[in-house]
Amino acid sequence: MDPNTPSAAAFSGGTPPVRPDIAALAPYVPGEQPQGGRWIKLNTNENPYPPPAAVGDAIRDAASGRNLAKYPDPLATSFRKQAGETLGIDPDWILCGNGSDDVLTILVRTFLGQGESLRMPYPSYILYRTLAGIQGARCHEVTFETDWSLSPLFTAARSGLRLAIIPNPNSPSGTLLSKEWLLEAAQQLPCPLVIDEAYVDFAETNCLDLVAACENVIITRSFSKSYALAGLRFGFAVARPQIIEQLTKVKDSYNCDTLSIAAATAAIADTAWLARTRSLVIATRTRLEASLAAMGFSVQPSQANFVWCTHPDKNHRAIYEALKQQGILIRWMNYPGWGDGLRVSVGTEEETDAFLAALASILEQL
Ligand SMILES: *Cc1c(COP(=O)(O)O)cnc(C)c1O
């Protein structure tokens, strides 16, 4: 039959059916982003400080004249050149995205086919599961040990295993797996290992040099956390040029806009700003950890810009709700089959003081 023959059963109204994979998908729920009002936002790991001043100038420049009438550079060449210089790598090893979530989407679409498997740790970044679901792929989640290490199950062979992703530092724990462990894991896995370094600028080490050391390692980075540019949407991957070439086929032609390319280029050049902001955040993080521990919380030492804590006898959800009543947002995370706890982003000194004061009085009442 001619596939173009008009169908006798024309669309009959109602909600058009979607792919069964999509209908069955649990939507990814990001942290609350209240619009308006005066909130102390410690729930989505944004940087509490303003971005480098050069970012505003770069955006104004990029928006001038007829610049925005033209399509952006599809390969974000100016950014890749500057990032290559700052990080000491070849620009051909970099692929840019509309936030690192876009880069993760490109990776999943490139490596994972329908019915194939993604390996990821649990609990970690739930978005990976959603991305695999959209692909019609499966997730094979390996639960962290009690000390936040991963057992050899993580690198075990499995038919259909095509991609592994580990956030390092991990969210919600803020813990870091060692470079030695990750190198060994990459060598044992039968597929690419993506190390999601969204928070790595707050950590003691990073795995950038593993990309050169090991053919199946891919790194992703974000401008949303350490560079204080979550509203801009910019991220990138570092991988061998042979991999970048394949990823480039999958990405949208113009996945990064002119303004974000200009802004990210200015931001990554300002290494002094990053060093300053990083040490401010780490100093507040240390104080936050100590104060939570003094209030009876069990606190996981963090390598990121947030702290994961649990209380032995208070209800975590009730604490989250009571703080919200007072205009302070943190994240109550509940992982089925694993447990729940509270994730608190590192704010300014003042925000952290307000949070700690509110928390102390709430604990007395609960
Ligand atoms: C925040 C976050 C990202 C997303 O970053 P964007 O660049 O804003 O898309 C990626 N991975 C992890 C683990 C994150 O927490």
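Before reading further, recall that the structure is shown in the block above.
Residues numbered from 1 in each chain as written. Predicted model: local features only at pLDDT ≥ 70, side-chain atom pairs only at ≥ 80, totals over all residues. Heavy atoms only, no water.

**Describing the sheet that holds strand β13 (residues 339-345)**
Stage number 1. The strand order β9-β10-β13-β12 describes an open sheet built from 4 strands, whose pairing is antiparallel. Here the strands that pair on one side only, and so sit at the sheet edges, are β9 (298-300) and β12 (331-335). For this sheet, the mean inter-axis angle between neighbouring strands, taken without regard to orientation, is 30°.
Stage number 2. Pairing between strand β10 (residues 306-310) and β13: 4 bridges, direction antiparallel. Note that in β13 the partner of Phe306 across the bridge is Ser345. (Pairing = 2+ DSSP bridges. Helix = DSSP H or I, 4+ residues; strand = E, 2+ residues; numbered from the N terminus. Axes fitted to C-alpha atoms, helices over the stretch in contact; angles between N-to-C directions.)

**Some points on the packing of helix α3 (residues 77-87) against helix α9 (residues 258-269)**
Stage number 1. Running from N to C, α3 and α9 point in directions that differ by 10°, and their axes come no closer than 9 Å. In this view, α3 runs roughly parallel relative to α9, as classed from their interaxial angle. Note that α3 runs across α9; the crossing there is left-handed. Residues Ser78, Phe79, Gln82, Ala83 and Thr86 of α3 form the contact with α9, whose participating residues are Ile261, Ala264, Thr265, Ile268 and Ala269. (Parallel < 35°, antiparallel > 145°, perpendicular 65-115°, else oblique. Left-handed = near helix turned anticlockwise from the far one by under 90°. Contact = heavy atoms within 4.5 Å.)

**Examining the pairing of strand β3 (residues 117-122)**
Stage number 1. Most of β3 sits out of view: 6 of its 6 residues are buried.
Stage number 2. With burial as the criterion, each face of β3 is covered, one bearing Ser117, Arg119 and Pro121 and the other bearing Leu118, Met120 and Tyr122.
Stage number 3. Regarding topology, helix α5 (residues 127-134) serves as the crossover connection from β3 to the parallel strand β4 (residues 138-143), and that connection is right-handed. (Buried < 20%, exposed > 50% of the residue type's maximum accessible area, 1.4 Å probe, protein only. Right-handed = clockwise from strand over helix to strand, strands pointing away.)

**Let's talk about the packing of aromatic side chains**
Stage number 1. Applying the stated criterion across every chain, the model contains 18 aromatic pairs.
Stage number 2. Arranged with centres 5.3 Å apart and planes meeting at 85°, the rings of Tyr125 and Tyr128 form a pair that is edge-to-face.
Stage number 3. You can call Tyr128 buried: its relative accessible area is 0%.
Stage number 4. Taken together, a centroid distance of 6.4 Å and an interplanar angle of 65° make the contact between Trp308 and Tyr335 edge-to-face. Of the two residues, Trp308 sits in strand β10 while Tyr335 sits in strand β12, which places them 27 residues apart along the sequence. For the pair shown, Trp308 and Tyr335 are each scored as buried.
Stage number 5. When the ring centre of Phe306 is taken as reference, the NZ or CZ atom of Arg343 above it lies at 5.4 Å. (Phe/Tyr/Trp six-rings, centres within 6.5 Å; stacked < 30°, edge-to-face > 60°. Lys NZ or Arg CZ within 6 Å of the ring centre and 35° of its normal.)

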